[in-house]
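# Fold and geometry: a report
Chain by chain, the residues run as shown.
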Amino acid sequence: GQQVMQIPQYQHVQEGEDFTTYCNSSTTLSNIQWYKQRPGGHPVFLIQLVKSGEVKKQKRLTFQFGEAKKNSSLHITATQTTDVGTYFCAGDFNKFYFGSGTKLNVKP
Amino acid sequence: NAGVTQTPKFRVLKTGQSMTLLCAQDMNHEYMYWYRQDPGMGLRLIHYSVGEGTTAKGEVPDGYNVSRLKKQNFLLGLESAAPSQTSVYFCASSYLGPQYFGPGTRLTVL
């Protein structure tokens with residue numbers, strides 16, 4: 001079946017360090033979405049990427065969609081304690097398949 | 001504007017009992033989804049709906065039924081609950097883009 005693989009599962013960083021999470025699919029995606037879930041909360045939409053090779057930025061967050069539309073990444077520059085949470089990608093194969101998430105912990 | 005609401009927030013069931021989870025949205029979205037979230041497994045799609053009166057199976061539909069009689073409501077039913085259905089259930093709605101999630105229902109089946 002369709003799957004979206006996400007790595008790493010966990011990442012512990014010191015405040016100010018950078019962070020990256022990766023999503024990979026074995027088949028081409030029509031688009032990919034990224035979400036953030038704070039501990040005890042619900043997923044909150046961050047961004048949607050649609051075009052091959054697309055790069056979008058939101059302040060310290062940079063999102064990329066691969067040329068083949070099979071992989072994507074989220075990079076956070078200079079993490080802050082407010083970045084703590086789990087980051088999920090969701091691939092659109094006509095219905096959404098979520099990656100297992102990357103749990104980010106930021107030490108002050 | 002409440003967005004997406006879910007009731008109840010918490011529930012404990014015994015094996016074999018039935019229950020219905022209610023999701024309501026006030027954004028006039030066509031699409032609605034039910035997910036379950038288990039530790040280390042992300043969110044898995046149970047059922048979804050692309051409009052009033054329509055439903056379709058997701059990734060893990062067994063043991064669940066759904067109905068979308070009104071555009072703003074999406075119901076998830078468990079006819080005979082099993083311990084394997086212990087999870088956090090999230091409802092979401094969307095219209096050709098971002099999914100907006102409800103606060104979740106934490107269900108425990110003993």
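Up top is the structure.
To keep things clear, this report deals only with the structure shown in the data block. Keep in mind the model is a prediction, meaning the values are calculated, not measured. (Residues numbered from 1 in each chain as written. Chains lettered and ligands numbered in written order. Predicted model: local features only at pLDDT ≥ 70, side-chain atom pairs only at ≥ 80, totals over all residues. Heavy atoms only, no water.)

Take the overall build of chain B next. Each helix and strand in chain B was counted, giving 0 helices and 11 strands. Starting at the N terminus and ending at the C terminus, chain B contains elements arranged as β-β-β-β-β-β-β-β-β-β-β. For 110 residues, the compact-globule formula gives about 13 Å, and the C-alpha radius of gyration of chain B, at 13 Å, lands near that figure. On the principal axes, the C-alpha backbone points of chain B span a range of 35 × 25 × 25 Å. In chain B, which comprises 110 residues, the proportion classed as buried is 48%. The contacts in chain B between residues at least 6 apart in sequence include a share of 54% that link residues at least 24 apart. When the accessible surface of chain B is split by element, carbon and sulfur atoms take 53% of a total near 5,300 Å². Once the 10 positive and 7 negative side-chain charges of chain B are each reduced to a mean point, those two points are 7 Å apart. (Helix = DSSP H or I, 4+ residues; strand = E, 2+ residues; numbered from the N terminus. Rg over C-alpha atoms; globule rule 2.2 N^0.38 Å. Buried < 20%, exposed > 50% of the residue type's maximum accessible area, 1.4 Å probe, protein only. Contact = heavy atoms within 4.5 Å. Areas by Shrake-Rupley, 256 points an atom, 1.4 Å probe, with all protein chains shown as cover. Lys, Arg positive; Asp, Glu negative; His and termini not counted. Charge placed at Lys NZ, Arg CZ, Asp CG, Glu CD.)

Looking now at the side chain of A:Asp83. For A:Asp83, the position within the fold is in the loop between β8 (71-76) and β9 (85-92). A distance of 2.9 Å separates a polar atom in the side chain of A:Asp83 from a polar atom in the side chain of A:Arg60. (Polar contact = N/O pair within 3.5 Å; in protein donor to acceptor, adjacent residues only side chain to side chain.)

Here the focus is the interface of chain B and chain A. Tallying the contact residues gives 19 residues for chain B and 16 residues for chain A. Interface area lost by chain B to chain A is led by B:Leu43, B:Gln99 and B:Phe101, which between them contribute 33%. Counting across the interface, chain B meets chain A through 0 salt bridges. Where chain B meets chain A, there are 3 residue pairs in polar contact (both at pLDDT 80 or more). Residue assignment for the side of chain B that touches chain A shows that the elements contributing at least two residues are β4 (31-37) and β5 (43-49) of chain B. Partitioned by chemical class, the residues of the side of chain B that touches chain A number 10 nonpolar, 7 polar and 2 charged. (Buried area = accessible area lost by both parts, 1.4 Å probe. Salt bridge = Lys/Arg side-chain N within 4 Å of Asp/Glu carboxyl O. Nonpolar A, V, L, I, M, F, W, Y, C, P; charged D, E, K, R; others polar.)

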